[in-house]
Structure formats: C-alpha cells, structure tokens
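Architecture and fold: a report
Chain residues, written in single-letter form:
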Amino acid sequence: MKYMINPITYFLFNFLKIIGLCFLFILTGCGSSRLGKFEKTLNEGSLQNSFHGMVVFDTETQKTIYNSRGDSYFTPASNVKIFTLFTGISRLPQRMPALQYLEKGDTVFIKGTGDPSFLHPVLMDSTALHFLSSHKEIKVYLQNSKEDRYGPGWAWEDFDTYFSPEKGPLPLYGNVLTVSKGDSLQVYPEVFKDSVRLLPNGVRRSEFKNEFYLNPKRKDTISIPYRTSEGLTQKLLSDVLQKEVVSIREYPEGDWKTLYGIETDTIYKLMMLDSDNFLAEQLLMTVSSTTSDTLSTSKSIRYMLDNDLKDLKQPPRWVDGSGLSRYNLFTPESMVQVLQKLYRELPEERLFTLFPLWDASGTIEEWSYPNTSPFIYAKSGSLGNNYNLSGYVKTKSGKILIFSSMNNHFRVPSSEVRSKIFEILLQLYHRH
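Computed from a predicted structure; not experimentally measured.

Turning next to the overall build of the protein chain. Within the protein chain, the secondary structure is distributed over 10 helices and 17 strands. The buried share among the 432 residues of the protein chain stands at 53%. Across the protein chain, the fraction of contacts at a sequence separation of at least 24, relative to all contacts at a separation of at least 6, is 68%. For the protein chain, the exposed area adds up to about 20,900 Å²; of that, 51% sits on carbon and sulfur atoms.

Let us now look at the sheet that holds strand β10 (residues 221-225). Spatial strand order, β7-β6-β10: three strands in an open sheet with antiparallel pairing. Taken across any chain shown, the strands that pair with only one partner, and hence form the sheet edges, are β7 (185-188) and β10. For this sheet the average axis-to-axis angle between neighbouring strands, irrespective of direction, equals 20 degrees. Pairing of strand β6 (residues 176-181) with β10, which is carried by five bridges, proceeds in the antiparallel orientation. When the bridges of β10 are listed, Leu177 appears paired with Ile224.

Moving on, we come to the packing of helix α5 (residues 264-273) against helix α6 (residues 277-289). Interhelical geometry of α5 versus α6 gives an angle of 135 degrees and a closest axis separation of 8 Å. What the angle tells us is that α5 and α6 run oblique. In this structure, α5 crosses over α6, and the sense of that crossing is left-handed. Here Ile267, Tyr268, Leu270 and Met271 of α5 lie close against α6, whose contacting residues are Leu279, Ala280 and Leu283.

The step from Tyr188 to Pro189 runs through a cis peptide bond, and the omega angle for that step is 0 degrees. You can see Pro189 is positioned in the loop between β7 and β8 (196-198). Although it is not a glycine, Asn175 adopts a positive phi angle of roughly 55 degrees. Structurally, Asn175 is set in the loop between β5 (137-141) and β6.

Time to look at the sheet that holds strand β11 (residues 245-248). Read across the open sheet, the five strands follow the order β11-β5-β4-β3-β12; overall the sheet is mixed. In this open sheet, the two edge strands, each paired with only one partner strand, are β11 and β12 (257-263). Here the strands of the sheet are splayed against their neighbours by 30 degrees on average, with no regard to which way each runs. Where β5 lies against β11, four bridges are found, and the strand directions are parallel. Looking at the pairing, Lys139 lines up with Val246 of β11. Across the sheet, helix α4 (residues 230-241) lies against β5 and β11, angled at about 155 degrees from β11, the strand it touches most.

For the structure on display, the rule yields 14 salt bridges. The shortest N-O distance in the salt bridge between Asp308 and Arg91 comes to 2.7 Å. Of the two residues, Asp308 is situated in the loop between α7 (297-306) and α8 (332-345) and Arg91 in helix α2 (residues 80-91); the sequence distance between them amounts to 217 residues. According to the relative accessible area criterion, Arg91 is partly exposed, its value standing at 30%.

Looking now at the nonpolar core. The nonpolar side chains of soluble globular proteins are, as a tendency, buried together. In this structure, Trp318, Leu342, Phe355 and Leu425 are the most contacted members of the largest nonpolar core, which totals 72 residues. In terms of residues, this core owes the most to one element, helix α10 (residues 414-431), which gives eight residues. With near-sequence residues (within four places) excluded, Phe355 lies in contact with Ile82, Leu85, Met272, Leu273, Leu339, Leu342, Tyr377, Ala378, Lys379, Ser390 and Tyr392. Listed in part, the 32 residues of the second largest apolar core include Phe118, Ile138, Leu170 and Val196.

Turning our eyes to something else, we now look at the packing of aromatic side chains. Given two aromatic rings, their pairing is described by the distance between the two centres and the angle made by the two planes. This model, assessed by the stated rule, comprises 22 aromatic pairs. Aromatic pair Tyr162 and Phe163: ring centres 5.4 Å apart, planes at 85 degrees, arrangement edge-to-face. Residue Tyr162 is classed as exposed on the basis of its relative accessible area of 59%. Accessibility expressed as a relative area gives 28% for Phe163, which makes it partly exposed. The ring of Tyr251 carries Lys111 above its face, with NZ or CZ at 4.1 Å from the centroid. Over the ring of Tyr387 we find Arg418; its NZ or CZ atom is 5.9 Å from the centre of that ring.

Turning next to the packing of α6 against α7. Axes are the key here: two packed helices are described by the angle between their axes and the distance separating the axes. For the pair α6 and α7, interaxial distance at closest approach is 8 Å and the crossing angle is 70 degrees. Comparing the axis directions of α6 and α7 gives the class roughly perpendicular. Residue-level contacts link Glu281, Leu284, Met285, Val287 and Ser288 of α6 to Thr297, Ser300 and Ile301 of α7.

For the rest of this paragraph, the subject is α7. Buried within α7 are the following residues: Thr297, Ser300, Ile301, Met304 and Leu305. Down the axis of α7, the smallest arc covering the buried residues is 125 degrees, so these residues share one side.

Let us look at the environment of Met54. Within the element layout of this structure, Met54 appears in strand β1 (residues 51-58). Separated by 335 residues in the primary sequence, Met54 and Leu389 place their C-alpha atoms 9.6 Å from one another.

Moving on: the pairing of β5. As defined by bridge partners, strand β4 (residues 107-112) adjoins β5 across five bridges and the pair is classed as parallel. Looking at the pairing, Ile110 lines up with Val140 of β5. For the crossover from β4 across helix α3 (residues 127-133) to β5, the handedness is right-handed.

Rules used in this analysis
- Residues numbered from 1 in each chain as written.
- Predicted model: local features only at pLDDT ≥ 70, side-chain atom pairs only at ≥ 80, totals over all residues.
- Heavy atoms only, no water.
- Helix = DSSP H or I, 4+ residues; strand = E, 2+ residues; numbered from the N terminus.
- Buried < 20%, exposed > 50% of the residue type's maximum accessible area, 1.4 Å probe, protein only.
- Contact = heavy atoms within 4.5 Å.
- Areas by Shrake-Rupley, 256 points an atom, 1.4 Å probe, with all protein chains shown as cover.
- Pairing = 2+ DSSP bridges.
- Axes fitted to C-alpha atoms, helices over the stretch in contact; angles between N-to-C directions.
- Parallel < 35°, antiparallel > 145°, perpendicular 65-115°, else oblique.
- Left-handed = near helix turned anticlockwise from the far one by under 90°.
- Salt bridge = Lys/Arg side-chain N within 4 Å of Asp/Glu carboxyl O.
- Core = buried A, V, L, I, M, F, W, Y, C linked by side-chain atoms within 4.5 Å.
- Phe/Tyr/Trp six-rings, centres within 6.5 Å; stacked < 30°, edge-to-face > 60°.
- Lys NZ or Arg CZ within 6 Å of the ring centre and 35° of its normal.
- Arc of directions from axis to C-beta.
- Right-handed = clockwise from strand over helix to strand, strands pointing away.

Have a look at this one:
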C-alpha cells in the first residue's frame, strides 16, 4: 500500500530543507572566509615565497578549526623543547634524579644521571654536594654515557657561545664558565681563573682547549662553555668538595640507589622561559637513566616514539632535546597533538606557568598589550630563516585554543613573521 504525501507537508519539508542548506552555506562561507584570511596573512607580500603551516584546535569542541599544511614537515628549532617538556613530565618523578650511588663502608660509588642542576649558575642545586660531603671516600664512574659532546647537526662554530655547552653524564656548573668584568675579574668556578686572558678579539675560547678570552672593555657577565673531560670533572669535584675524588673504570655490583634533588618543574620553567638548550639536552639524558644503564638521548627519543607518542599522525624526525639541529623535522599537527596531551595531563595553572607569555615582540615577562588580558602562552623557536610558535591562546570568552604556527625559509626579519602570527592570534582571541 502506498502512502500519499500531503502537498502542504511536502512544501514545508522542501522549504525547510532549502533554508537549512542556505544556513549551512552561510556558516561554511563565513568559516572559509575567515580561514582564507588567515591563509592570506601567512602567505602575502614578502612571505609568499617562503613556507608556512598552521593548525588551531578548539579544546571545547575537540575539533580542528584551522589547518593549513598541518601535515607538512618543518624545521622546528626550539619548538622541540615542547616534546622534551612532555618527555620529562611523562617519565621523570617530581624531584630530579641527581645521582645514582652505592655505599660500601666509608666509600660511596657514584654515577651521573645527566642532571643539569648540580652547581648550575642559576639553579644552584647543592643536594649532591651535601650528600658527597658526608662521605670520606668518593669514587665516580663516568663511562655510563655514549653521547657525543654535541648533538647531531649542531653548528660547529657555536662552540664558544653560551647557548651551546657540551653534554655529559655528570655536568657541573652548567658546563659553563661564568666571567664577570667590573672593577675586578671574577671567575666561577675559580679553578679556571688562571685560564682567562684579557684580549680584544671576538673569540671567547680556544676551540679545543680551556683557554678563555675576554675583551678588557666589557663590563658585564658572560657565560662561556668549557671543554669537558673525565679528568676535568674529577678535578672540579675534588676542588669543590676539598677532598680527593677517584675516577674509576668499573663499578661494583650491589643495591644502587637514586639521590633526588630539586623539583623538576624548576628545571622545566627555566628551560622553557629562557629556551635553555643545555637543560633540554640533559633532561633527555636523565630520562634515559630511568630506563637504561647507559645515558642516551636517542634511547629516550626512541622510547617516547614507541610508547607515549606512538599515536602521532606524522612521526617526527627527532634527533636532539633542544632543537639546535636542523636535522629535526616536525609537523604542526604533531605539535598540536603533544600540546593536547600536556593540556589533558596538567592543571591549567601549572601548565601556563611552564609556557612563556608571548606577544608580537616575542617572549615577554609581563603583559602590556592594551585592551586584552594575557592570552598567549607559547614556546617560540628560531634558527636562521625560521621562526615557529606553538602553544595556547586563552580567548576573550575564556576558551582555550591550541595552535602551532611553523614558518620556514623566509628572508625577511623575524619580527615581520612574529607580527603576522600575532595578528592571527589576536583575531582568534576576539572571535572565540
């Protein structure tokens, strides 16, 4: 039996269908128009010959509201530190593993964990120092790292710059020499004082030995990486402890324990806010100390990609903790995925203290942009011709958006790229 459709019902059905389609068209058109404007902002004028990608994710609707080249690979620079942060939060305890130790009578045997905070010029953690001071004999094993002193793909000419200290299993003083030139010359640690010469040239250290140079006209404080070695680590430990420290090639079996130091959040904050490369590199080494007898950045990376990050849409080429290497390749979608994981795992108050405040001028300490509350919490990453920014936007309505803007191969000042990114984020702040 066939049912007859009332003509009025048929008319109303089709009328409502047309209205619905029109409404959908209007919504889609508005969305396309807005997205098109973002696309134009990222690719117009002097930026049109460079490479740009951006993804924006709405945490309330759990939907991606904008995606331009989100699955393309970019050189991330210091945006890699977001992955390092997630690795540390996922795999390290609340307090930093400072040393592994074994006590036998009056002797303590120690192995480094990669902890960067031991006598660090800013962090100044002395947990290990106080622990070792209470022992009569100290024997240190420094063979538990297979790391090269630099990461793969690092620029060799940065050897004397503050942002490129060498890596190691038991770093001391941040693996840098701190020199202050005022009315007198001050050197920290003092064991290097006789190795500093006043010379008016642009080199801060000899490439292959610990001879340092300072312009006599400078009146500020600078940090210079020193060349690390087993002998130097032994000497620095002996000097600060004022007792002999013996370096050993083999260690005894036994019930090895872990000494815990400062809170890891203290290290995370300094790494993220100052974009500290040394802290990032050492954190990945320390993570490996919790899963292996050998300190290894690549082991930490492989572990994370095989476990906590196995669901990434585009697996990265990830080679270091800091982003100094141009071998790294990451996509905006993967950045947003890890930022989502952090947002789910951490309370908002804690999360936003770990990410720097940011505005069109870059990372800032205090918010001063008129007519808005602080709304951008994000990590920047820059290398020559590359500038990236990934993090969170807290909109005017209180909504949280997660974004990653990756920009490579431009030949304009980074400030121009920053202003374009800020323009987009400001629109997101007002519209959502």
